[in-house]
Amino acid sequence: MTVECPACGHATTERTIDGTSFDVCAGGCGGIWFDWHELERVDEPGEAHGELLLDVPVDPGTVVDHDARRACPRCPGITMMRHYRSVKRRVEVDECASCGGYWLDAGELRQVREQFRSDDERRQVARAYFEDVFGRDLAKMRDESAEQAEQAHRIAHALRFLCPSYYLPGDQEWGAF
Ligand SMILES: [Zn+2]
Ligand SMILES: [Zn+2]
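All of these numbers come straight from a predicted model, not from anything done at the bench.

So, how was this worked out
- For every chain, the first residue of its written sequence is number 1, and the numbers climb from 1 along that sequence.
- Going through the entries in the order they are written, you letter the chains from A and number the ligands from 1.
- Predicted model: local features are reported for residues with pLDDT of at least 70 only, side-chain atom pairs are reported and counted for 80 or more only, and whole-chain, interface and lining totals are derived from all residues.
- Only hydrogens and water are set aside; all other atoms, that is, all heavy atoms of the structure, feed into the side-chain values.
- Secondary structure is summarised from DSSP: a helix means a run of H or I of at least four residues, a strand means a run of E of at least two, and numbering begins at the N terminus for each.
- Three labels apply to residues, based on accessible area from a 1.4 Å probe with only protein chains included: buried if under 20% of the type maximum, exposed if over 50%, partly exposed otherwise in between.
- Contact between two residues is taken to exist if any of their heavy atoms lie within 4.5 Å; hydrogens are not considered.
- Surface accessibility in these figures is a Shrake-Rupley result with a 1.4 Å probe; residues are shielded only by whichever protein chains are displayed.
- Take the buried residues of types Ala, Val, Leu, Ile, Met, Phe, Trp, Tyr and Cys, join any two whose side-chain atoms come within 4.5 Å, and each joined set is a nonpolar core.
- Any N, O or S atom lying within 2.8 Å of the metal counts as a donor, and for Na, K and Ca the limit rises to 3.2 Å; water is left out, so some sites can look incomplete.
- Labels for metal geometry use angle windows, namely 85 to 135 degrees for all angles of a four-donor tetrahedral site, and for square planar (four donors) or octahedral (six donors) sites opposite donors over 155 degrees apart plus all others within 65 to 115; sites meeting none of these are irregular.

J.: I keep staring at the overall build of the protein and nothing clicks. Help me out?
T.: A count of helices and strands for the protein gives three helices and six strands. Going through the 177 residues of the protein one by one, you find that 42% of them count as buried. For the protein, contacts bridging at least 24 residues in sequence account for 55% of all contacts bridging at least 6. Accessible surface computed for the protein: about 9300 Å², of which carbon and sulfur atoms make up 49%.

And the structure:
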C-alpha cells in the first residue's frame, strides 16, 4: 500500500531490506515510515542492513514544517504524538498511538542509530535513568496510599513514551506497575 508522506505530501516508495518493506519519501523530504516494530530492526549500528536506509535521496526544494503535528499515514484521522525516542532526549520522533508506527524525518534514523550500540546498552541507560529520576519517588508514592499508588501508576504509564523498549509492565526493579 502506497503511503503519502505525512511531512511533505510526496508519495512514498517502498524499499525492501532484509525482507521488510519500509516506506521512504525518496525524492521528497527523505523521511521514513516504520510500521509497528520495524524501527527496532534498524535502530542500532549493529543492525547493518539499516545502513541502507540512511541514503534516501532528498529533493532540497522540499519544504517541511518541523513544528507541525502530523497525521498518521496509515490511520485516518489520527494525529501522531511527538516524543523523544529515548531517555537521552536527543531525537524527537512521531509515533502513532493507534498503529504503533513511527515517522522519522531525514537524518533522524542516523541520529537514533548513533545513540546506542545495542539493545542491552539502551536498556541499561534507560534503567539507570528511570531509577535516578523516578524510581524512588514512584515507589514511595505507591506505598503511601491507594490514591498515590494510582497517581504513580499513571506517571509510570506516561513514561513509557520516553523509552518504549524499557516499559514492560511489572518489570521495573523499583516496583510493579
Ligand atoms: Zn516527505
Ligand atoms: Zn497509525
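J.: Even after reading the chapter, I still don't get the nonpolar core, so can you show me in this structure?
T.: For soluble globular proteins, the rule of thumb is that nonpolar side chains tend to be buried together. By size, the foremost hydrophobic cluster in this structure holds 16 residues, and its most contacted members are Ile32, Phe34, Leu53, Leu104 and Leu109. Secondary structure elements with two or more residues in this core: strand E2 (20-24), strand E3 (32-34), strand E6 (102-104) and helix H1 (108-115). Every residue in contact with Ile32, bar those within four places of it in the chain, is listed here: Phe22, Asp23, Val24, Leu53, Val56, Tyr102, Trp103, Leu104 and Leu109. With 11 residues, the next largest nonpolar core counts Cys5, Ala7, Met80 and Trp103 among its residues.

J.: Whenever I open this one, the coordination of the zinc ion (ligand 1) confuses me. Can you help?
T.: For a metal with four tetrahedral donors the ideal donor-metal-donor angle is 109.5 degrees, whereas six octahedral donors ideally subtend 90 or 180 degrees. In the first shell of the zinc ion (ligand 1), the protein supplies Cys5 (SG), Cys8 (SG), Cys25 (SG) and Cys29 (SG), at 2.2 to 2.3 Å from the metal. Angles of 99 to 120° at the metal separate the four donor atoms of the zinc ion (ligand 1), which places the site in the tetrahedral class. The sequence pattern describing where the donors of the zinc ion (ligand 1) fall on their chain is C-x2-C-x16-C-x3-C. A residue is classified by how much of its surface remains accessible, and Cys5, at 3% relative accessible area, is buried.

So, to be careful, I would describe these as geometric facts and stop short of saying anything about function.
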